[in-house]
Every structure is written in C-alpha cells, then in structure tokens.
Number of protein chains: 2
Amino acid sequence: MSKSKRLLELMMTVNRKRKFTVKELAREFGVSSRTILRDLQELGEIGVPLYSEVGPHGGYQVLNERVLPPIAFTEEEAVALFFASHALRHYADLPFETESSAALSKFYHYMPGDVRDRIDRMKNRVDFIAPTRLQKSPHLSVLLDGAVRQRVVRIAYESGGSTSDRLIQPVGIFANSGLWYCPAYCFLRSGYRLFRCDRIHAAEFDPSAVPLNLGDVDLGNWEDHRDEPLKYVYLRAELTREGVQRCEAELWHSPKAHVREDGSGWLAGHVPERDIGFFAKLFVGWGLDVTVHEPPAVVERMKRQLDEIKARYPDT
Amino acid sequence: MSKSKRLLELMMTVNRKRKFTVKELAREFGVSSRTILRDLQELGEIGVPLYSEVGPHGGYQVLNERVLPPIAFTEEEAVALFFASHALRHYADLPFETESSAALSKFYHYMPGDVRDRIDRMKNRVDFIAPTRLQKSPHLSVLLDGAVRQRVVRIAYESGGSTSDRLIQPVGIFANSGLWYCPAYCFLRSGYRLFRCDRIHAAEFDPSAVPLNLGDVDLGNWEDHRDEPLKYVYLRAELTREGVQRCEAELWHSPKAHVREDGSGWLAGHVPERDIGFFAKLFVGWGLDVTVHEPPAVVERMKRQLDEIKARYPDT
DNA sequence: TATAATAGTGACAAAGCTTGTCATAATCGC
DNA sequence: GCGATTATGACAAGCTTTGTCACTATTATA
C-alpha cells in the first residue's frame, strides 16, 4: 500500500478508535512501529489533533476536536446541507454546545468557488423561518443529556404564575415554531407531562434520585405511554378549506382532519375530556372556518368564551 | 512538498477550479506534467470523478458529482449538522433536486463509531418539528431558479376560489411552519405580493417577458420595496403574557410587542388599513389574551365576527 | 489540410523518499 | 527495578517518485 493511501486509512482508523497504541496500529497496517510513529507525526502536521501519553496505559488519543475523514458530497448535497444548518441560526438556543455557525463557515469556506457563488446567490433567496423568540431556554443541554443518559433532573418549573420544584426524567426535547418542549416523566404527577423549556428556570441532575427504566420511551412513542385513565369525549366538527389547513398546522396529534375533494373536510375522533378547554379556545380562534357539532361541552365553553370576549368590548 | 500533501492540495485545487489543464497544474505546483498526470490518475483511483478531453480547448474536468475536500469538523459540529439536515425530512417538498437523506446517510456512515453511537442515542431525543402538510408545492425549484436568475415566471395562482394566470418575478422562497411562500413582483398588480407556493398550480419561465432589474431586492428587504400608497391606522392593544408570546409566534413583521417585567406587554404601531380584517380575525382567536383599544374599526370587526360565530351556535 | 493544443503511455535513470532496525532516552505505573 | 509506552536519531537497503524523452492519439481551428 502506498504511503498516501495508508495515511488516509490511518486518518479514518484513528478517528474510529479513540485511543490506540503505536504497536497496535503497526500490527494492523503491517508496518513497523517506527513507520507508524512517523505517520502519526505527519497526521499531526496535517491537522489531526493527536495527543500522547507515555508509560503503561499510555498511548495515543485523538482529542475531542476530531477530524472527520474526507466525505464525498455532491454539489447538491452540499448546498442542501448548507441551507439546513443555515436554518439553525433562527434558534436562540440549541442543545449543542457548539455554535452551528462554526460548522457552517467551515463548510462554506472549503467549498469550491463556483459552489460558493451558487450559495451566495441563493443565500438571500431561500430560507427556513422559525419565529424568533425572546424566551431563552438555557437548560437544553442538561435536559437532552438527561434524556440520553436517563437521569433524573430537578427543575424549577413555572406554571400558572407560580414556580414549583419538580423531579423529572426527560424523554427528549423538540422545537416547534421556535419554542423548545420537553416531554418527561414527572415524579410529582406520576405520569408523562410536556414541559415548555423556556419555563424551566433551573435544571440540574439529581444524583440521589433513582431513575426509572424508561430506555425505550422516546420522542416517537412517549405519548402512547401516558397511562391516563382519562375520560374521552367524541369530537365532531366541520371544516372549511382554511380550517383543514389550520388543523394540519396546529393540531399535531389528536384527530387528523379528513379532507374532501374540494379541500374542505371534517374532524372526528375521541379527545381527552380535560382538553375541552383547549379545543374551545382553539376553535374560537378559527372563527367561521370551523363548525363544532359535538361535544356540547366544547360548544358551551365556546359560547361562554365568546361572551367573555364580547364583554370586553361593550357596545358604545 | 511531499507527495501526500501534494495530493491533498491537488484535490482541493481541482475542486476549486472546475476545469483545468495538466500544464496549468504543473506550473502551479512546480512539478512536471508527467507527475501531475500520474497524480490525477491516482486521484481518480481514490474516487475523484475526473473527466478529460483531448484537443485544443480540451482539458480536465471534475464531474458534477464532486468530492469536497476533507473538512475538519469537530464532533459537536458534525452532530449539529446532522440534526440540522435531519430536520429537513419534515418537508414534503424542497427546492433542491437532491434528497437530503443521501447527504445525511453519507454523513452518518462516515462518522467514527462512537460519534455514530452518540447520534443514535440522540436520534429519538432531539427533533426540530415543522408541521407536516398535505399541500404539495411542486414548483419550488422553478421559483427559486427564477429568483436567482431574475427571470419572469408565468404562474397559475389560486386565490379566493378561482385560478388566474399571472406573470411574476420571484424575490425568493421561504418556508414557515411547514408552508412555502414566494414573495414576488406581480406584473398583474404592479407591485410586490406574497404568494403561497401550494396555491401555485403551474409555473414556467416566460422567455418573452422582460424581467425588471430587481437584483438587489431579496428576502431581507423586499418588504421595504412595497411602494404602497397605503393608509395606515394606529393599532394599540394590551397583551397578557400569553398574548405577548402569540405576538412573537404569529406576527412576523408589523409592530413588535413591548414587554413588561412581568411578561405582559402591549402592541402599539401603525398597520396598513387593509389589514384590519386580518388583525380582527387574529385577535378574536387570541381571546382574553388581548384587549384592543384602537382602532375602532378593528374593534368593530371583532364584534361583528364574534356575533357571526355566536350565530353558528344558537342557544338551545 | 496542416498545425497547435491537448491528453495519454512507456521506458529509464537519477534523485529522493520510505522503511526497518538498532540504539538510546524519558516517563510512568506497578 | 521492570515492563510498557512514547520519542528521537542514524543509517543503509530498497522502493518510489520524478523528470525527460519519445511516441501516439484526438480535435478544433486557421
């Protein structure tokens, strides 16, 4: 094997193993230790952040700042990737320690000139917008870390005007229209709850608490684990075309809209009784784009709410 | 310079120039043409898609499927980039021809084992959600291309139930909560308008139309170019804490909310008179989280709308 | 049609680089 | 102290790389 190729493979190998000894690599590549030593020095000169320690249990390490091997991207892929990470700049907080802008500028900088030109021309013409929020969510990394390592986190959570201490075991975190949410098992309520991260004012691991075994609960299925002995009511509503689209945008789970040929549609399905307040408020906002048929409780609430709003604006 | 380093630099150089001759590179690197030929052959074996043509004006080319040079990403950066492109999967349509999943799997595949493990563990625990829409927006590439190259596009646009033919010159495209929008100069209305891409049922370049010179209008500033001789009215409203947050999410431009210490706030600013319908509908949806003081026209509309909704649900 | 520009191949020797071996040092944990 | 480990230097054998030259082939263009 030529030296050039050996260096490339060496690069990948040291990135794969994080820790290794010279002898080990020498055996693996079928060359002498001296050669590997020389190669490693060269890799270091090229930019791979190697670190070594002598003595037993010593050896080489690749530092946290690691170099990924050359990845072949087509131009299209590179552009797509660029704009994907470009979209991240709308987020005030991210669960990653790094600033994504670093990766972005690297990506941009190393691209051949004409791809860069293409990106420049597109930069102000494509965007993925997320509402920029003022709310800060500074505890994302703790929550994510807690979810990944299944730890119990003690949070100070603000709800209904007051702040309470809770122990939670996070399932994960997700961003939706600019806000971060954290579904978690709440030890206070003995059940899964959805927390808004901007209302979490403190978060830290609680080393004394014993985590539950919830390894297979994740963002994709946590809602199935809400073991709620809930009462459900049947919801039925007629939707205009606009109404159908609002369904898609604003109702993430719960009943999906049925669509007719002409774009209009209807909602039908069971919803938790405790959510009727939510639905009433929501449907009032949709105005004439929805007509609620069932349940009467939602209709009642809507009427009451309409009256309350009307009371705000007395006739002159 | 050692051969290994020369090969690396050669890789970057041929990616930068798209077209080049052997002689050219030989001069640049200070080696003989024969050496460059040998090097290029080796690059080809490694995987760089080179293509050559003999004769005058011939030379080497790197094919469209291009290999980007080795980029040094830190682990954190790689992870952030992964999740950024992971988020793209929520979009039914993208303006790029490529499937972003290709780039994603490459990225994933080439990462060292432990980073891959880390990603695996995080995969179901972090997400950037955008509402998945049923609406298809199949003409994104044409619109984007039209924006980049400043061409006039003929579209069939559906609005208010009917479909009309229009000539537009796109400014760009952007995605917001799952829907694609296209601000453009509309030749029919002689002014800038915002189009929803899922309502554009056909789009193609109009070669006969003469584009305007709008090169410096882009997504960042097109709203300033709406040269509307509009009447403005003064809007003033009180917001609860919830109301402030809805402002941030739903009012992208127009007056920004002012926030008090306790989280509540108020809206104050001039808004186009023709938007009072929009605001009335919006504020009705916000219910008790907003109290509109001015203008009377908005309040009037809200009242009327409340009555209309109430009429839907007659007292039994 | 001739010419110049271009890629591509083979051969060869000189120069240069790479490699293994050996010797030696230094550090560290046990 | 011993063994494992990195680290460095020297050196010669062997291998690789490089430049040169000679040649072929293709193609646009003058």
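In the block above lies the structure referred to throughout.
All of the points below concern the structure found in this document. Position labels on residues start from 1 in each chain and follow its written sequence. Key to labels: chains lettered from A, ligands numbered from 1, both in the order written. Predicted model: local features are reported for residues with pLDDT of at least 70 only, side-chain atom pairs are reported and counted for 80 or more only, and whole-chain, interface and lining totals are derived from all residues. The side-chain figures draw on all heavy atoms in the structure; neither hydrogens nor water molecules are used.

Brief notes about the packing of helix 8 (residues 241-250) of chain A against helix 9 (residues 276-286) of chain A
All names here are of chain A.
Part 1 of the reasoning: Relative orientation of the contacting elements helix 8 and helix 9 amounts to 135°, with a least axis distance of 11 Å. If you check the angle between helix 8 and helix 9, you find them oblique. In the crossing of helix 8 with helix 9, the sense of the turn from one axis to the other is right-handed. Judged by residue contacts, Gly243, Arg246, Cys247 and Glu250 of helix 8 engage Leu282, Gly285 and Trp286 from helix 9. Under this scheme, a helix contributes an axis fitted over its contacting stretch, all axes are lines through C-alpha atoms, and angles between N-to-C directions fall in the 0 to 180 degree range. Think of it this way: any DSSP run of H or I at least four residues long counts as a helix, any run of E at least two long counts as a strand, and we number them from the N terminus. For this classification, under 35 degrees means roughly parallel, over 145 means roughly antiparallel, 65 to 115 means roughly perpendicular, and everything else is oblique. We call a crossing left-handed when the near helix sits turned anticlockwise from the far one by less than a right angle, and right-handed when that turn is clockwise. Contacts between residues were defined by any pair of non-hydrogen atoms, one from each residue, lying within 4.5 Å.

Section: the relation of the copies chain B and chain A
Part 1 of the reasoning: Least squares is the method for superposing the copies, and the C-alpha atoms it fits come from residues with pLDDT of at least 70 in both. Aligned on chain A, chain B shows an RMSD of 0.5 Å; the corresponding rotation is 180° and the shift along the axis is 0.0 Å. Within this description, the copies of the chain are treated as partners about a two-fold rotation axis.
Part 2 of the reasoning: Same-surface contact between copies: 100% of interface residues of chain B are shared with the interface of chain A.

As for the side chain of Gln150 of chain B
Part 1 of the reasoning: Take Gln150 of chain B: it is sitting in the loop between helix 7 (140-149) and strand 5 (153-159).
Part 2 of the reasoning: For the purposes of these results, a polar contact is taken to be a pair of N or O atoms within 3.5 Å, where, inside protein, one atom must be able to donate a hydrogen and its partner to accept one; residues adjacent in sequence count only when each atom of the pair is a side-chain atom. There is a polar contact of 2.9 Å between the side chain of Gln150 of chain B and the backbone oxygen of Ala147 of chain B.
Part 3 of the reasoning: The contact partners of Gln150 of chain B, leaving out residues within four places of it in the chain, are Arg125 of chain A together with Asp145, Gln169, Pro170, Pro211, Leu212, Leu214 and Gly215 of chain B.

Observations regarding the protein's contact with DNA strand C
Part 1 of the reasoning: Near DNA strand C you find 21 residues, and of these Arg6, Ser32 and Thr35 of chain A together with Ser52 and Tyr60 of chain B are the closest.
Part 2 of the reasoning: A share of 61% of the atoms of DNA strand C within 4 Å of the protein falls on sugar and phosphate groups.
Part 3 of the reasoning: Note that a phosphate oxygen of DNA strand C is positioned 2.2 Å from one of the side-chain N or O atoms of Thr35 of chain A.
Part 4 of the reasoning: At 3.4 Å from a base oxygen of DNA strand C is found a main-chain nitrogen or oxygen belonging to Gly55 of chain B.
Part 5 of the reasoning: For the surface near DNA strand C, the secondary structure elements donating two or more residues are helix 1 (3-16) and helix 3 (33-46) of chain A together with helix 3 (33-46), strand 2 (50-53) and strand 3 (59-62) of chain B.
Part 6 of the reasoning: In terms of residues, the surface near DNA strand C owes the most to one element, helix 3 of chain A, which gives three residues.
Part 7 of the reasoning: The residue makeup of the surface near DNA strand C, split by class, is eight nonpolar, seven polar and six charged. In these notes, residues near a molecule or strand are those with any non-hydrogen atom within 4 Å of it. Nonpolar residues are Ala, Val, Leu, Ile, Met, Phe, Trp, Tyr, Cys and Pro. Charged residues are Asp, Glu, Lys and Arg, and all others, Gly as well, are polar.

Side note on the protein's contact with DNA strand D
Part 1 of the reasoning: Taken together, 22 residues are adjacent to DNA strand D, and Ser52 and Tyr60 of chain A together with Arg6, Thr35 and Pro56 of chain B come closest.
Part 2 of the reasoning: Taking the atoms of DNA strand D that fall within 4 Å of the protein, sugar and phosphate contribute 61% of them.
Part 3 of the reasoning: In this structure, a phosphate oxygen belonging to DNA strand D sits 2.3 Å away from a side-chain N or O atom of Ser52 of chain A.
Part 4 of the reasoning: Measuring from a phosphate oxygen of DNA strand D, one finds a backbone N or O atom of Ser32 of chain B at 2.8 Å.
Part 5 of the reasoning: Listing elements by their share of the surface near DNA strand D, those giving two or more residues are helix 3, strand 2 (50-53) and strand 3 (59-62) of chain A together with helix 1 (3-16) and helix 3 of chain B.
Part 6 of the reasoning: Considering every element that reaches the surface near DNA strand D, the biggest residue donor is helix 3 of chain B, with three residues.

Some thoughts on the packing of aromatic side chains
Residues and elements named next belong to chain A.
Part 1 of the reasoning: Put simply, two rings from Phe, Tyr or Trp (the six-membered ring, in Trp's case) pair if the centres are within 6.5 Å, and we call them stacked under 30 degrees between planes, edge-to-face over 60, tilted for the rest. Per the stated rule, a full pass over the model turns up 20 aromatic pairs over all chains.
Part 2 of the reasoning: Measuring from ring centre to ring centre gives 5.8 Å for Phe20 and Tyr60, while their planes differ by 5°; the resulting arrangement is stacked. Of this pair, Phe20 sits in strand 1 (residues 19-20) while Tyr60 sits in strand 3; the two residues are 40 residues apart in sequence, bridging distant segments of the chain.
Part 3 of the reasoning: The interplanar angle of 20° and the centroid separation of 5.5 Å between the aromatic rings of Phe174 and Tyr181 together place this pair among those described as stacked.

Keep in mind that these numbers describe shape and distance, not what the molecule does.
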